[in-house]
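# Structural characterization, general
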Amino acid sequence: SSELTQDPDVSVALGQTVRITCQGDTLRIYYTSWYQQKPGRAPVLVFYGYNNRPSGIPDRFSGSSSGNTASLTITGAQAEDEAVYYCNSRDASGNPQVFGRGTKVTVL
Amino acid sequence: QVHLVESGGGVVQPGRSARLSCAASGFSFSSYGMFWVRQAPGKGLEWVAVISYDGGKTHYAESVKGRFIISRDDPKNTLYLQMSSLREEDTAVYYCAKVVAPLTGGNSAFVLDHWGEGTQVIVSS
């Protein structure tokens, strides 16, 4: 099956911008979706595709993609953005999907 | 408002079976594919099984293939996961999740826009 690689940990100062990346060969073919998960809670979809932000998600969350790398950017990070962020995409090897291992974002 | 509520978790002995349910409301359940996704303690997300909107197609992760069965009862707006031959490594929180786009889902067939709060399964003797 395909793999999606994420940095395990990222930190950002309050109000600054942070970019979370997701790498994988499948991203050359399929787009990505991003999920935010806070401790003890279910994941929440925060961005998907080329320009889709679910209702209720602040516009400080945005996504982009180039080659085999997709990115989720938080512009003006807030304390409540501290969470683990997972990317996922279709699996080019035939499975319905594959998740990255997650990036823990700490807001300083 | 979309609402997904899982039930059926608990402590199960290795080798035994259990059935999880996911009660859906707030959307046209029969028009959407559905996933089960699990999360072992301290670990990341792992998709387990998916069923198409019409129940005609199912797909399983290699880790559960041959042991788990996903099904749906559209009149009851309920998704199921029948788990058998449970192993300690199946210990996890199990979430049901809805695909963002209806019918086949197209290029968004893997995007999950609503999740339940999860039900915990502990496989232990």
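To keep things clear, this report deals only with the structure shown in the data block. None of the values given here were measured: they were computed from a predicted structure. (Residues numbered from 1 in each chain as written. Chains lettered and ligands numbered in written order. Predicted model: local features only at pLDDT ≥ 70, side-chain atom pairs only at ≥ 80, totals over all residues. Heavy atoms only, no water.)

### Looking at the packing of aromatic side chains
Two numbers describe a pair of aromatic rings. These are the distance of the centres and the angle of the planes. Residue and element names in this part refer to chain B. Enumeration according to the criterion identifies 9 aromatic pairs over all chains in this entry. Plain terms: the ring middles of Tyr95 and Trp115 are 5.9 Å apart, the flat faces sit at 75° to each other, and that makes the pair edge-to-face. With Tyr95 in strand β9 (residues 92–99) and Trp115 in strand β10 (residues 112–115), the pair connects residues that are 20 residues apart, well separated along the chain. Of the two residues examined, Tyr95 and Trp115, each falls in the buried class. Lying across the ring of Phe27, Lys98 places its NZ or CZ 5.6 Å from the centre. (Phe/Tyr/Trp six-rings, centres within 6.5 Å; stacked < 30°, edge-to-face > 60°. Helix = DSSP H or I, 4+ residues; strand = E, 2+ residues; numbered from the N terminus. Buried < 20%, exposed > 50% of the residue type's maximum accessible area, 1.4 Å probe, protein only. Lys NZ or Arg CZ within 6 Å of the ring centre and 35° of its normal.)

### Structural notes on unusual backbone geometry
All names here are of chain B. Backbone geometry places Asn77, a non-glycine residue, at a positive phi of 50°. Note on placement: Asn77 falls in the loop between β7 (68–73) and β8 (78–83). Look at Asn77 and you get partly exposed, because its relative accessible area is 29%. Of note, Ser85 is a non-glycine position whose phi angle comes to about 45°, a positive value. When you line up the elements, Ser85 lands in the loop between β8 and β9.

### Looking at the pattern of salt bridges
All names here are of chain B. Applying the stated criterion across every chain, the model contains 9 salt bridges over all chains. A salt bridge links Asp113 to Lys98; its shortest N-O distance comes to 3.0 Å. With Asp113 in strand β10 and Lys98 in strand β9, this pair connects stretches of sequence that are 15 residues apart. Accessibility classification places Asp113 together with Lys98 in one group, the buried group. Sharing partners across several salt bridges, the network here consists of Arg38, Glu46, Arg67 and Asp90. (Salt bridge = Lys/Arg side-chain N within 4 Å of Asp/Glu carboxyl O.)

### Topic: the interface of chain B and chain A
Listed per partner, the contact involves 23 residues of chain B and 19 residues of chain A. Between chain B and chain A, a total of about 1800 Å² is buried, with carbon and sulfur atoms accounting for 62% of that surface. It is Leu45, Trp47 and Phe110 of chain B in chain B that bury the most area against chain A; as a group they hold 37% of the surface buried on that side. At the surface where chain B touches chain A, the tally comes to 1 salt bridge. In this structure, Arg41 of chain A engages Glu117 of chain B in a salt bridge whose closest nitrogen and oxygen atoms are separated by 3.9 Å. The tally of links from chain B across to chain A stands at 10 residue pairs in polar contact (both at pLDDT 80 or more). For the side of chain B that touches chain A, the secondary structure elements donating two or more residues are β4 (34–39), β5 (45–51) and β10 of chain B. Looking at which element gives the most residues to the side of chain B that touches chain A, the answer is β5 of chain B, with 4 residues. (Contact = heavy atoms within 4.5 Å. Buried area = accessible area lost by both parts, 1.4 Å probe. Polar contact = N/O pair within 3.5 Å; in protein donor to acceptor, adjacent residues only side chain to side chain.)

### Examining the pairing of strand β4 (residues 44–48) of chain A
In the case of a regular strand, side chains alternate between the two sheet surfaces. Residue and element names in this part refer to chain A. For β4, the buried fraction is high: 4 of the 5 residues fall into the buried class. Pairing of strand β3 (residues 32–37) with β4, which is carried by 4 bridges, proceeds in the antiparallel orientation. Looking across to β4, one finds that Trp34 is bridged to Phe47. Linking two consecutive strands that pair antiparallel, namely β3 and β4, is a turn of 6 residues; a positive phi of about 75° is found at Gly40 within it. (Pairing = 2+ DSSP bridges.)

### Comments concerning the sheet that holds strand β2 (residues 18–23) of chain A
What links the strands of a sheet is backbone hydrogen bonding, and the strands pair in either a parallel or an antiparallel sense. All names here are of chain A. Ordered by their spatial adjacency, 3 strands build an open sheet running β2-β6-β5, and the pairing between neighbours is antiparallel. The strands lining the two open edges of the sheet, one partner per strand, are β2 and β5 (61–66). Averaged over all adjacent pairs, the angle separating strand axes in this sheet is 20°, with direction ignored. Sheet topology places β2 next to strand β6 (residues 69–74); 6 bridges connect them, and they run antiparallel. Paired with Ile20 across the bridge in β6 is Leu72. (Axes fitted to C-alpha atoms, helices over the stretch in contact; angles between N-to-C directions.)

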